[in-house]
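So the chains spell out like this:
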Amino acid sequence: MAPRLDVRKDSRRIDNTVLRVRPRAPKKSNLGYFYPAATRSRPPFPVRWPLAQGWYNAFVQIHPSNEETNLERTFIMVKPDGVQRNLVGEIIRRFETKGFKLVGLKLMAVSKELAEKHYESLKDKPFFPGLVEFICSSPVVAMVWEGENVVVTSRQMIGATNPHAAVPGTIRGDFGVAVGRNIIHGSDAIETAQREIALWFSETELAPWDATIAPWLYE
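Basis of the calculations
- Residues numbered from 1 in each chain as written.
- Predicted model: local features only at pLDDT ≥ 70, side-chain atom pairs only at ≥ 80, totals over all residues.
- Heavy atoms only, no water.
- pLDDT = per-residue confidence, 0-100.
- Contact = heavy atoms within 4.5 Å.
- Phe/Tyr/Trp six-rings, centres within 6.5 Å; stacked < 30°, edge-to-face > 60°.
- Helix = DSSP H or I, 4+ residues; strand = E, 2+ residues; numbered from the N terminus.
- Buried < 20%, exposed > 50% of the residue type's maximum accessible area, 1.4 Å probe, protein only.
- Lys NZ or Arg CZ within 6 Å of the ring centre and 35° of its normal.
- Salt bridge = Lys/Arg side-chain N within 4 Å of Asp/Glu carboxyl O.
- Polar contact = N/O pair within 3.5 Å; in protein donor to acceptor, adjacent residues only side chain to side chain.

1. Observations concerning the confidence of the model for the protein
Summary statistics for the protein give a mean pLDDT of 80 and a share of 68% for residues scoring 70 or more. The low-confidence segment residues 10-21, where pLDDT is below 50, has 38 contacts with residues more than four positions distant or belonging to other chains. Contacts for the low-pLDDT stretch residues 28-68, under 50 throughout, to residues beyond four places or in other chains number 77 contacts.

What follows is the structure in structure tokens.
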């Protein structure tokens, strides 16, 4: 229930129809935090009602608690061409600058068995043998990133599979030249991310941690 207004304490100006409410400290509830409609020194809008009808509760805005944010994890791999072209640092910089949190990272040589499991959905494609051979040809950098809507957002940051169709500003749009050398892999769905993370990382290789900048990223 929204807090009732104390006119002597809360009113800035009262005319025939308008009451402007001063900011009040939020109150905790089981739904999160309730804020009065006016949350700044200059309220975003007036609370209106006929004064003759008596006082009513102010409108409230619900501020979601941390548990209600849509935090996800995704699997990102810098492929052999990205490692050989020294793009690992640039790719990490982009994800960090975006505000995502790195919770898993390793440089590794990929076995044929792991490559085949990773690309299992493509095993019937004619390019499957060449894809496996390429991923095993040089070390890759495997990563797990965490953040709100990170799966969809990371795919947008990566760009289209074919670098010729990738928008400038995306990783493939800026650095990719050919579809067979498109630098980076990213999970395309939450379910895919869960499978790929479990395939490439053990639980002990992931490091959950609290980022001090989180309040400046999420409401």
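2. A closer look at the packing of aromatic side chains
With the rule as written, the count across this model stands at 3 aromatic pairs. Plain terms: the ring middles of F95 and W145 are 5.3 Å apart, the flat faces sit at 25° to each other, and that makes the pair stacked. Residue F95 is located in helix α3 (residues 88-98), and its partner W145 is located in strand β9 (residues 140-148); the two are separated by 50 residues in the primary sequence. Residues F95 and W145 agree in their burial class; the two are buried. In this structure an aromatic cluster arises from ring pairing among F95, F100 and W145. Sitting over the ring of W209, K101 keeps its end group 5.5 Å from the ring centre.

3. With respect to the pattern of salt bridges
Applying the stated rule across the entire model yields 7 salt bridges. R93 serves as the salt-bridge partner of E90, at 2.8 Å between the closest nitrogen and oxygen. One end of the pair is E90 and the other is R93, both in helix α3 and 3 residues apart, which spans about a single turn. Taking relative accessible area as the criterion, E90 reaches 22% and is therefore assigned partly exposed. Taking the shortest distance from any N to any O, the salt bridge between E113 and K117 comes out at 3.6 Å. With E113 and K117 both in helix α4 (residues 112-118), this residue pair falls 4 residues apart, about one helical turn. Take E113: its relative accessible area is 52%, and that puts it in the exposed class. Members of the salt-bridge network, linked through shared partners, are E90, R93, R94 and D174.

4. A short note on the side chain of N182
Note that N182 resides in the loop between α7 (171-175) and β10 (184-186). Within the structure, N182 has its side chain in polar contact with the backbone oxygen of T161 (distance 3.2 Å).

5. Some words on the environment of W200
On the secondary structure map, W200 appears in helix α8 (residues 190-200). Assessed through its relative accessible area of 3%, W200 is described here as buried.

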